[in-house]
Amino acid sequence: MTIADRWLLPDGMEEVLPPQARQIEVLRRELLDLFHSWGYDLVFPPPAEYLESLLTGSGNDLDLQTFKVTDRNSGRLMGIAADITPQVARMDAHSMQRQGPARFCYCANVLRTKSDTMLGSRSPMQVGAELFGHAGVESDTEILGLMLSALATAGAEKIHLDIGHVGIYKALLQEAGLDADQEKQLFNAILHKVYSEVDQIAARYIVSEPVRSMISRLVRLSGSSEILAQAQLELADAPASVKEALDSVEQTAKIIQHQYPNVEINFDLAELRGYNYHTGMVFAAYIPGYAHAIAQGGRYDETGKVFGRARPATGFSADLKILAKLLQKTDPVSGIFVPAGFSTDEELLSTIRALRSEGTRVVVGLPEQDVGALEMGCDSELVRKEDGQWVVEPSNRIF
Ligand SMILES: N[C@@H](Cc1c[nH]c[nH+]1)C(=O)O
């Protein structure tokens, strides 16, 4: 093994150095405080769990994304959390069992076997919020509003919001009469938005002409608000739940547009992204200059069922590291440097205490160190005057 090999980190498992680590931490505090102010209680999910509890109700995508290890204590297979949302659903259904609405937020490291994006991380720091116990426009708009406020807190100025509804596709699929394999082929073609392939698969396997043509139309229903009216017409023969879904998307979008007039909203009714647990409205936020969603979420009403309590649920998550990288302005770290050798000077010690208690960073030099204030990231230093007083002066000396 060469020295270079020893330093090599696995792809997508990155370390975070100063000053980025501090930026991430500052943003973490701001976001958790924001969630707290909206009534969301902080939870810490375990980093690993038995595989069954981690993956129940979540679908194949999450299974593939999960690192698996054998627990030497029990001999059972454990998974390292790849997504916090199902863990919080378990907490709500099993551990908390609150009556009425329950709101939780979190920030935790997750690991993924594969990154979602080409050069992306496999160790995101997932931050998010989940709202349980209510199904409808009010909870959808609350979560969307919280996501947009979180992005604004992180410094996003121009946000583009994509809204979809997986319930529409699911309702049409029920009418389509496909077997599991055909369903998978269709799902993949829609997920990757290869329209011609969707048409071919529909023509090959779906007997009912109206269902076939509605599926072909559905994948093309993306754009600004006028596509909702178009969808109402083109999907008029679909089950009643499709009309309800379209109505709820329209209402939610109206409220959000009213509350956040600067957000640009688009609709994509064939958006199936996610970990298969979503059941209703889904959404993703984008900012200019970055091709991937910076936050995403949606409704997942069935997840709690396997833990003994089906509860309506909606939520969103984001990768804190990406938010900090793309949005946070770099705040140069500054501080006050104190020369070495005065550790018994009472006057100095109380000055340092006072400065630190108001949040100022004070770095005390160590004997014989050959770098000075500027190299220690301090733009000023404490200087002892003849009368024994310590005063803060700009630092311009490099030792
Ligand atoms: N956990 C989902 C987003 C989400 C949160 N709650 C509901 N959905 C994701 O990372 O894509």
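Residues numbered from 1 in each chain as written. Predicted model: local features only at pLDDT ≥ 70, side-chain atom pairs only at ≥ 80, totals over all residues. Heavy atoms only, no water.

The name an unreviewed UniProt entry gives the chain is ATP phosphoribosyltransferase regulatory subunit, with Oceanospirillum multiglobuliferum as the organism. The record held by UniProt for the chain lists under Function (unreviewed entry) the comment "Required for the first step of histidine biosynthesis. May allow the feedback regulation of ATP phosphoribosyltransferase activity by histidine." (UniProt positions renumbered as here; feature names shortened; annotations may be inferred.)

On any regular strand, side chains alternate: one points to one face of the sheet, the next to the other face. The buried fraction of strand β7 (residues 160-165) amounts to 5 of the 6 residues, a majority that puts the element mostly inside the structure. Pairing of β7 with strand β9 (residues 264-268) involves 4 bridges; the strand directions are parallel. Pairing of L161 across the sheet is with I265, part of β9. Bridge analysis of β7 against strand β10 (residues 281-286) gives 6 bridges, and the strand direction is antiparallel. Bridging across to β10, D162 finds its partner in A284. (Buried < 20%, exposed > 50% of the residue type's maximum accessible area, 1.4 Å probe, protein only. Helix = DSSP H or I, 4+ residues; strand = E, 2+ residues; numbered from the N terminus. Pairing = 2+ DSSP bridges.)

Here the focus is the side chain of E271. Inspection of the secondary structure puts E271 in the loop between β9 and β10. For the buried residue E271, which engages in no salt bridge, the nearest side chain bearing the opposite charge is K193, 4.5 Å off. For E271, the contacting residues outside a window of four places in its chain are V166, K193 and V282. (Lys, Arg positive; Asp, Glu negative; His and termini not counted. Salt bridge = Lys/Arg side-chain N within 4 Å of Asp/Glu carboxyl O. Contact = heavy atoms within 4.5 Å.)

Tallied over the entire structure, the rule returns 0 disulfides. With no disulfide of its own, C107 has C105 as its nearest cysteine by sulfur position, at a separation of 9.3 Å. Since its relative accessible area comes to 13%, C107 is described here as buried. (Disulfide = S-S within 2.5 Å.)

Along the chain, T141 falls in helix α6 (residues 137-154). Looking at T141, its side chain comes within polar contact range of the main-chain oxygen of E138, at 3.0 Å. Beyond its immediate chain neighbours, meaning those up to four positions away, T141 contacts T252, I255 and I256. (Polar contact = N/O pair within 3.5 Å; in protein donor to acceptor, adjacent residues only side chain to side chain.)

Let's shift gears to the sheet that holds strand β13 (residues 336-338). If you trace the 4 strands from one edge of the open sheet to the other, you get β14-β13-β15-β16, paired in mixed fashion. Each edge of the open sheet is held by one strand with a lone partner, namely β14 (362-364) and β16 (390-394). Each adjacent strand pair in this sheet contributes to an overall mean axis angle of 35 degrees, direction not counted. In the sheet, strand β15 (residues 380-384) pairs with β16 via 5 bridges, with the strands oriented antiparallel. Bridge pairing in β16 places V383 opposite V391. (Axes fitted to C-alpha atoms, helices over the stretch in contact; angles between N-to-C directions.)

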